[in-house]
Structures are given as C-alpha cells and as structure tokens.
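Topology and contacts: notes
So you can see what is in the structure, the chains are spelled out below.
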Amino acid sequence: MLRFFLIFTFGFLVIFTSVASEGTDTSQVTVPADSLASDSLKSLPFYKKGIIGKVYRYFEDTNKVHEEKDFDISFIGGPYYSSDTKFGIALVAAGQYRHDKEDKTIPMSDVSLTAKATTSMFFELGLDGNHIFPHDRQRLSYSVSISYVKTSFWGIGYDMDVNDENESKYKYVCSRAEAAYKWRLGQKFFIGPLATFDYINGRQFEKPWLWEGESDRTFNVGLGFTAQIDTRDNLTAPKKGLNLRLDQRFNPKFLANKYAFSMTELTLSTYNGLWKGCTMAFRYHTRLTYGNTPWGLLSTLGGSDNMRGYFEGRYRDKMEMDATLELRQHVWRRNGVVAWIGAGTVFPEFSALRWRMVLPNWGFGYRWEFKKNMNVRVDIGFGRHEKGLNFSINEAF
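These notes cover the structure that comes with them. (Residues numbered from 1 in each chain as written. Predicted model: local features only at pLDDT ≥ 70, side-chain atom pairs only at ≥ 80, totals over all residues. Heavy atoms only, no water.)

Counting 26 residues, the largest nonpolar core has Phe153, Trp295 and Phe370 as its most contacted members. At the level of elements, strand 1 (72-82), strand 2 (86-97), strand 5 (138-153), strand 6 (168-184), strand 10 (261-273), strand 16 (359-371), strand 17 (374-383) and strand 18 (386-393) are the ones that each hand at least two residues to this core. Counting residues in hydrophobic clusters, the runner-up holds 18 residues, among them Tyr158, Met307, Tyr315 and Met321. (Core = buried A, V, L, I, M, F, W, Y, C linked by side-chain atoms within 4.5 Å. Buried < 20%, exposed > 50% of the residue type's maximum accessible area, 1.4 Å probe, protein only. Helix = DSSP H or I, 4+ residues; strand = E, 2+ residues; numbered from the N terminus.)

Have a look at this one:
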C-alpha cells in the first residue's frame, strides 16, 4: 500500500506540473489595478462626503503601488466566521516596502499583522513577513504568534482521530516564533540557518487519557537550516514560477528540550498560466518528525492553509503528507475566485500507510485584492464527513 500511495502522490505531482508548464503564461497579461468604485458610484452624493465615502475612498487606493512611500501600509477589519473558531472580529494591517527603492526587478518585502478574537474564546496575535535585502542577495522570513484557544483533541493517530466519540474539549496557550535567514547562491537558490521556538500549555482536559501520559506543557527550541529554489514572480500571490523548499530542524536535549526530536519538511509549489487571468497552482507538502515528538508539535492537517475544511489539528501524528491542485481566476476589478482539490493523510511511519487513511479535500473561495498581490480570502472546504469556512490574508500557498 505504501508503494501505491507514493506512486500516486508523486505521479500526481509530475503529471500536473508537466501539464501546467504547457499553458499560457498569464504573467504577460496585464490586469489593471482596478478602482474599488465605478464611475457611476463616484457620482453619488455619499461618495464625496460622509463616512461611507471616506471608507470607499480609503479602500479605492489600497491595491495601488505607492512607490513614493518608504512603507506602504493599509488596514482592514470587521466581523468574520470560521468553522473552527466561530464568530469573531479580525483586524489586519498589511504593508509592503523596498529596502532598495531604485531596484524594481526584485520582489517587494511584505509584512502583515493579524489580530483575532472570537465567541469561542479564541484570541490570536500574529506577525508574518519576508524582508528582501538589496539585489535579493539575502532574505529574512519570520513568523511570530501568540494565541489562547478553546478547542478539541481526538488523540494521536488516524484511527483515534477519525472516531467522533474521542472528541475532547480543552484549552491551551501557544506561543511560537520562527526565523530563517537565507543567502542567495546562484540565481534563484537560497540557503541559510533556521531557528524556532514553541511553547504550548494545555489545560482543562476533558479526556486526559487521550494525551497518553505526555506533559501538558512543552517548551521547545529548535535549530537547523533551510534550502530553497524560488522563481516566483512575487511571494504573496504568485502567478508563475516554482518554489521548492526544504527545512531541516533539530530539537536536541542540550537545548533544554524535554522532548528531543527532529523534523524534515518539504514543500514543492508550482504556478502556471492556463488562460487570461487564470493561474493553476499546485503544492506537494510533507512534514516528517523523528524521535520523541511532543503532542503539540506533531504534524497535523486542517486549518486555513492546509487541507482547508478539516478541523485544524484533529488529524495529527508524527508524519503528514498532502497534495493540492488549485485554479485561481481573476473575475472583475479586484475580485477573484478559486477552486481546489486535494488529498492528505497522517501516519506514524511509512510502513503504516494505508489507502483507507487518505483523506479527500476540495473546496472553493473568494479573493479580494486588498493590496497589490495581497489578497483577503474566504474559503469553504469539504472533506470526509467535515466541512469548514476560513478567513485569512494571502494565498494558502
């Protein structure tokens, strides 16, 4: 079964990557930075004055490139709904800038700050970004978040997770940070050190035996390296190119880790044009851990970026593998839609893989270009006996 699964996964990757490369290059199709409001709307009285007019005029320019600004930042916020976290309020601040304003040939640096609070007692503050140094000789990627979550746990392993009766309510506080500093070697090859920090504190377990005696609180520091081949035209909403990234992380005991383990993560994403305004995006992703991996750092499926529609963290084990094919279509002005299909699974080791453990995934979503190449997205995903709705910024991959 393992052999058939691997043949299917990598065959899927090769076939669709090959087909995509034969499509039309939509990067040559110019899509204007559309105005939010039409000419007829601009003629209405409320557009010129009042709070509604101010809101319209503010968002009308957010997706235009303001090269005259050292740091171009915009804000958006309001109510939203997620199947995992229920009704809430989100605030997003997204910024773009260039370290060297004279060099327009390299991708822009980006940063986004997100704050969320929901009725299910979910609170999160996150900061993500990519800093591009002059001439794209170095890159710094970083992600920092702190959250308080009231959620569910089904146990460890597919057979435990697929059983609805295992659902156990609990709460946890989580703080995470990751940074990778990469040097460019060659035209599009980057390599450099990687550092991570994870703190997870679980509490009020409804069914504590599902944690199999593991500590409710884990503190973990990891060091390693990242290697990347990146030919994407931009980092937040690519329309052409390839991104191949390998992360190798070590969490040894001499770094004061109670649970010592290592992790290998591989991501391969391709982006190609099919017709005017349409991009076909494909991603293959796997995350493999070895050693004494703590429950809070196991590989998982679900959430806003991975196997959308599945409850985030329901399926977890030492190893994970997934593949997604997505069509992204610009429709009108700053609006777009997407549709995707995919599959994935979790498993303790390669010899334990079975076809019955492969979970299907499909869905569709809406995109609104908040800033140039930075989309606000709403996705509705479906899986095996599950469905979910997610709100986020930037593409899933």
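So, about the packing of aromatic side chains. Per the stated rule, a full pass over the model turns up 22 aromatic pairs. For the pair phenylalanine 205 and tryptophan 211, a centre-to-centre distance of 4.2 Å together with 45° between the ring planes defines the contact as tilted. Residue class for tryptophan 211 comes out buried when judged on its relative accessible area of 2%. Through a chain of ring-to-ring contacts, the aromatic side chains of Phe153, Tyr170, Tyr172, Phe205, Trp211 and Trp295 assemble into a single cluster. Across the ring face of tryptophan 340, the terminal group of arginine 308 is positioned such that the distance to the ring centre comes to 3.8 Å. The positively charged end of arginine 328 is found above the aromatic ring belonging to phenylalanine 397, 4.9 Å away from the centroid. (Phe/Tyr/Trp six-rings, centres within 6.5 Å; stacked < 30°, edge-to-face > 60°. Lys NZ or Arg CZ within 6 Å of the ring centre and 35° of its normal.)

This part is about the pairing of strand 6. Where strand 5 meets strand 6, 16 bridges bridge the pair, whose relative direction is antiparallel. Its bridge partner lying in strand 6, glutamine 138 is registered against tryptophan 183. Where strand 6 lies against strand 7 (residues 189-203), twelve bridges are found, and the strand directions are antiparallel. Considered in strand 7, the bridge of valine 173 is made with asparagine 201. In sequence, strand 6 turns back onto strand 7 through a hairpin of four residues, with glycine 186 there showing a positive phi of about 90°. (Pairing = 2+ DSSP bridges.)

This brings us to the layout of surface pockets. By volume, the second largest pocket amounts to about 170 Å³. Lining the second largest pocket we find Ser83, Asp84, Lys86, Ser120, Lys150, Thr151, Ser152, Glu167, Lys169 and Phe311. In terms of residues, the lining of the second largest pocket owes the most to one element, strand 5, which gives three residues. Within the lining of the second largest pocket, the residues separate by chemical class into one nonpolar, four polar and five charged. (1 Å grid on protein atoms, 1.4 Å probe; cavity = no way out; pocket = protein on both sides within 12 Å on 5 of 7 lines; lining within 4 Å. Points joined across faces, edges and corners; volume = space filled by probe spheres on them. Nonpolar A, V, L, I, M, F, W, Y, C, P; charged D, E, K, R; others polar.)

A surface patch of nonpolar side chains, amounting to about 520 Å² of accessible area, comprises Trp183, Leu185, Ile191, Phe225, Leu246 and Phe250. Checked against the element boundaries, phenylalanine 250 lands in strand 9 (residues 241-251). (Patch = residues over 30% accessible without salt bridge, like charges linked within 9 Å, V, L, I, M, F, W, Y side chains within 5 Å. Areas by Shrake-Rupley, 256 points an atom, 1.4 Å probe, with all protein chains shown as cover. Salt bridge = Lys/Arg side-chain N within 4 Å of Asp/Glu carboxyl O.)

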